[in-house]
Amino acid sequence: MGLLVTDVRLSWTLAGRKLLVLMILAFFPLTAGYAQQPAASGVMQMTMIPEDRAQIELDGFLNEAVWQQVPAIDGMRVINPDTLEAASLRTETRIFYNERGIYVAAMNFQAGDTLVARMSSRDDPVPRDGFVLSIDASGNGTYGYFLRVNLGGTLSDGTILPERQISRDWDGSWDAETQELENGWSAEIFIPWGMMALPQAGETRQIGIYTERQVMYLNETWSWPALPNTNPEYLSAFQKFELSGINPRTQFTFYPYASGTHNNLSGETKARTGADVYWRPNSNTQLSATINPDFGTVESDDIVVNLSAFETFFSEKRTFFLEGQDVFQTSPRNGGGPFGPTTMLNTRRIGAAPVISVPAGVQVSATDRNAPSDLLGAVKVTGTQGNWRYGTMVAAEDDMELRGTAADGSRVKLQSTGRDFAIGRLLYEDTAGGGRRGIGWIGTRMDHPNRQATVNGVDFAYFSADTRWSFDGQVLHSDVNDVSGQGGFFDLNYRPARGVQHSVTGTYLDETLDINDVGYVQRNDHQQLDYRLSVTESGLEKYRSRTRGFNIINQWNADGRPVRLGLFFNQGLTYHNNTSLNAGFRYFPARIDDRLSRGNGTYKIPHRLAYDLNWRSDRSRPFSFGFGIGNAEEDLKANNINYSFGMDWQPNDRFSTNMTVSYRDRESWLVHRGGDRMTAFTATEWSPQLNASYFISAKQQFRIAVQWTGIQAKEDRFYRIDQSDVRHLMEVSKPNLTSDDFTVSRMSFQARYRWEIAPLSDLFVVYTRGSNLPSVGDSEFQDLLFDAWSERVTDTWVVKLRYRLGG
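Residues numbered from 1 in each chain as written. Predicted model: local features only at pLDDT ≥ 70, side-chain atom pairs only at ≥ 80, totals over all residues. Heavy atoms only, no water.

(A) Region of interest: the environment of Tyr255. Mapping Tyr255 onto the fold places it in strand S15 (residues 251-263). Judged by relative accessible area, which is 6%, Tyr255 ranks as buried. Taking the C-alpha atoms as reference points, Tyr255 and Asp472, 217 residues apart in sequence, are found 37 Å from one another. Residues contacting Tyr255, with those up to four places away along its chain left out, are Gly274, Ala275, Asp276, Tyr278, Thr319, Leu760, Arg802, Tyr803 and Arg804. There is a polar contact of 2.7 Å between the side chain of Tyr255 and the backbone oxygen of Leu760. (Helix = DSSP H or I, 4+ residues; strand = E, 2+ residues; numbered from the N terminus. Buried < 20%, exposed > 50% of the residue type's maximum accessible area, 1.4 Å probe, protein only. Contact = heavy atoms within 4.5 Å. Polar contact = N/O pair within 3.5 Å; in protein donor to acceptor, adjacent residues only side chain to side chain.)

See below:
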């Protein structure tokens with residue numbers, strides 16, 4: 001059986017096609033069996049209470065008299081599982097506004113012994129009771145904000161783009177408190193106008209409101225309006241409220257910091273000061289600048305061992321680049337996908353490792369070469385005007401000095417020149433008459449003495465008025481050192497009924513397109529036409545919910561050779577006792593690999609199989625666990641078996657610990673060894689990870705995070721790539737007497753104290769330790785682990801204070 005593509009050369013008989021159609025029809029219903037749920041209609045009036053009359057003390061107790069003057073909103077329905085039944089418990093939400101911002105009170109009725117309160121770091125997706133207020137600040141479903149307060153006082157927030165693109169990287173200057181009560185729990189929230197971009201308006205304006213409640217002991221989510229994930233509408237279907245007399249005055253926010261870093265390895269201590277500045281001259285424009293920015297180590301990336309030919313993508317963590325970043329998003333693919341995101345703006349490029357030429361015979365440590373560049377500064381302007389949104393950003397890196405070692409042992413100073421970056425964005429969106437239509441432009445520029453890169457993109461978006469169709473696409477043009485490249489991609493979705501979605505994904509990127517100086521794409525020379533069908537059902541007799549998916553993967557290079565083909569089936573089951581089981585099966589027809597050799601030839605890969613099975617217990621319990629097994633056959637059809645186990649222990653609301661362990665056994669791991677040489681290894685890998693947190697209060701946290709990856713790889717077989725033809729790898733005898741055996745041992749350890757003094761104002765005390773051991777051939781795993789702790793390449797203390805003033 002094969003894909004309907006002529007170059008695959010797989011037999012595809014009439015009987016085979018009939019069999020596949022019967023399998024799909026047996027596995028999936030054509031519809032989910034129920035119609036779409038209409039959103040709340042009509043415009044409601046939001047209560048206005050002046051600040052001098054409100055007199056709110058934000059403590060989570062709803063005992064101020066003003067709350068009795070505000071009408072309560074209820075009417076929540078169950079959206080997970082999406083039965084859309086009326087919620088079994090009352091949730092009374094009261095909202096009013098004034099010249100300062102929006103105040104919200106939520107009374108969540110519930111038996112006290114069923115409450116699940118767990119504190120965590122901001123934005124951590126810990127299962128617990130919570131209340132969400134999301135705001136469509138545009139009033140027309142083009143951008144908004146997601147705000148969640150969890151029982152215990154921990155916050156989570158993010159930005160929203162149509163229809164349900166939620167980015168949790170952004171942090172806003174809102175605040176909230178909660179209280180446990182005999183008859184449930186309450187939340188009190190304040191959202192300042194200065195936190196949000198608001199379009200200019202006359203005497204009245206509209207905003208959209210969406211409320212949601214997580215009830216962990218039932219493992220249910222309720223919302224008003226009722227907008228489950230299976231519904232195509234989200235942001236545009238928020239309940240509209242009308243407000244009068246809101247034109248926020250000029251907002252000026254000064255965000256200084258001071259930090260000190262002590263390097264235990266070199267004995268050096270460095271101090272830095274600087275600031276971010278945010279100015280809103282009016283409600284719809286913001287100017288941001290960063291002066292002598294500090295991107296010191298108070299966060300850390302996960303350890304990734306990547307021996308493939310593809311770059312690993314890391315998300316942004318720096319406050320300046322996250323603020324107002326949503327206007328630069330051009331497509332849902334910017335948020336990621338099976339192969340990482342496709343985006344013209346990856347702000348991690350700004351301040352990345354310096355570009356430096358190392359002379360022959362000079363060694364520079366990997367730690368120094370990969371250290372981030374210092375930034376001289378950056379400026380960003382974002383805003384809206386009618387149906388238009390715009391943004392521009394410029395940033396400049398400082399020149400860097402690195403130290404190397406010559407062959408005779410002498411020290412050598414190497415100089416790098418910093419890069420300059422410029423980004424522009426213009427977007428037009430129209431929602432008149434229902435649905436949404438958009439067209440935008442984005443341009444990026446990177447300047448360096450040895451490289452100049454300019455990329456332009458035009459993006460399109462369409463969301464039909466009947467909510468069934470959505471289309472997002474972008475065309476790209478790059479010019480890097482006078483070499484031009486073109487490309488484009490689209491994503492088309494059709495939802496005939498709630499819970500059923502058909503998706504078609506198309507991509508064309510030519511061999512010379514290069515957007516990775518400022519953006520990110522996993523590969524160019526790429527043609528794609530994939531199809532996915534997903535079906536979600538809820539309220540079944542045996543299951544709380546069932547999700548099933550079917551994928552056809554069809555991807556080629558410019559030579560017309562398949563680089564990735566597949567038929568995927570997956571199913572996820574959630575049982576009535578809140579346990580879950582997920583299973584997947586994947587068939588990969590024969591293809592070629594044109595990347596692993598790093599430009600040293602193309603070779604064929606035989607057809608392969610993969611499967612995985614994962615089970616998870618009820619996460620509402622103080623102790624929960626899960627385990628899984630999977631086998632994704634190697635490129636040479638040998639086993640690649642992975643076992644995983646994870647557990648969460650949260651005995652009370654202040655202490656939590658999470659541990660995951662994975663073990664991988666690989667029988668024929670193919671690794672490029674230079675030129676046209678490839679070696680297949682038998683390898684074993686251990687990857688444990690531990691996170692533990694203790695909260696002195698909701699605003700003070702002590703956290704320990706440790707992650708280690710250890711690999712032992714033994715040479716097994718040796719291959720060469722035929723340079724004259726595309727064929728299977730040619731097995732050869734061992735080419736030399738030197739062993740290809742290798743080991744990997746990488747560790748990251750961080751102990752961090754964080755005190756949130758005020759919204760977005762923090763004191764950090766952080767100890768970071770890390771290692772990346774050189775390959776040592778024969779070594780036991782316990783030796784690799786202990787040596788990773790003792791033979792460190794990073795060992796620092798950081799103390800950092802940042803405080804938000806004004807706004």
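(B) Spatial organisation of the pairing of strand S8 (residues 155-161). Counting buried positions over the seven residues of S8 gives seven, a clear majority of the element. Where strand S7 (residues 144-150) lies against S8, six bridges are found, and the strand directions are antiparallel. Paired with Gly144 across the bridge in S8 is Ile160. Here S7 folds back onto S8 in antiparallel fashion, the turn holding four residues, of which Gly152 has a positive phi close to 115°. Here S8 runs beside strand S9 (residues 165-167); their pairing, made up of three bridges, is antiparallel. The residue of S9 that forms the bridge with Ile160 is Ile166. The antiparallel pairing of S8 with S9 creates a hairpin that spans three residues between the two strands. (Pairing = 2+ DSSP bridges.)

(C) View of the sheet that holds strand S33 (residues 603-605). Taken in spatial order, the three strands make up an open sheet running S32-S33-S40, and their pairing is mixed. Whereas interior strands pair on both sides, the edge strands pair on one side only; in this sheet they are strand S32 (591-593) and strand S40 (727-728). Pairing geometry for S32 and S33, over three bridges, is antiparallel. Along S33, the bridge assignment pairs Ile592 with Lys604.

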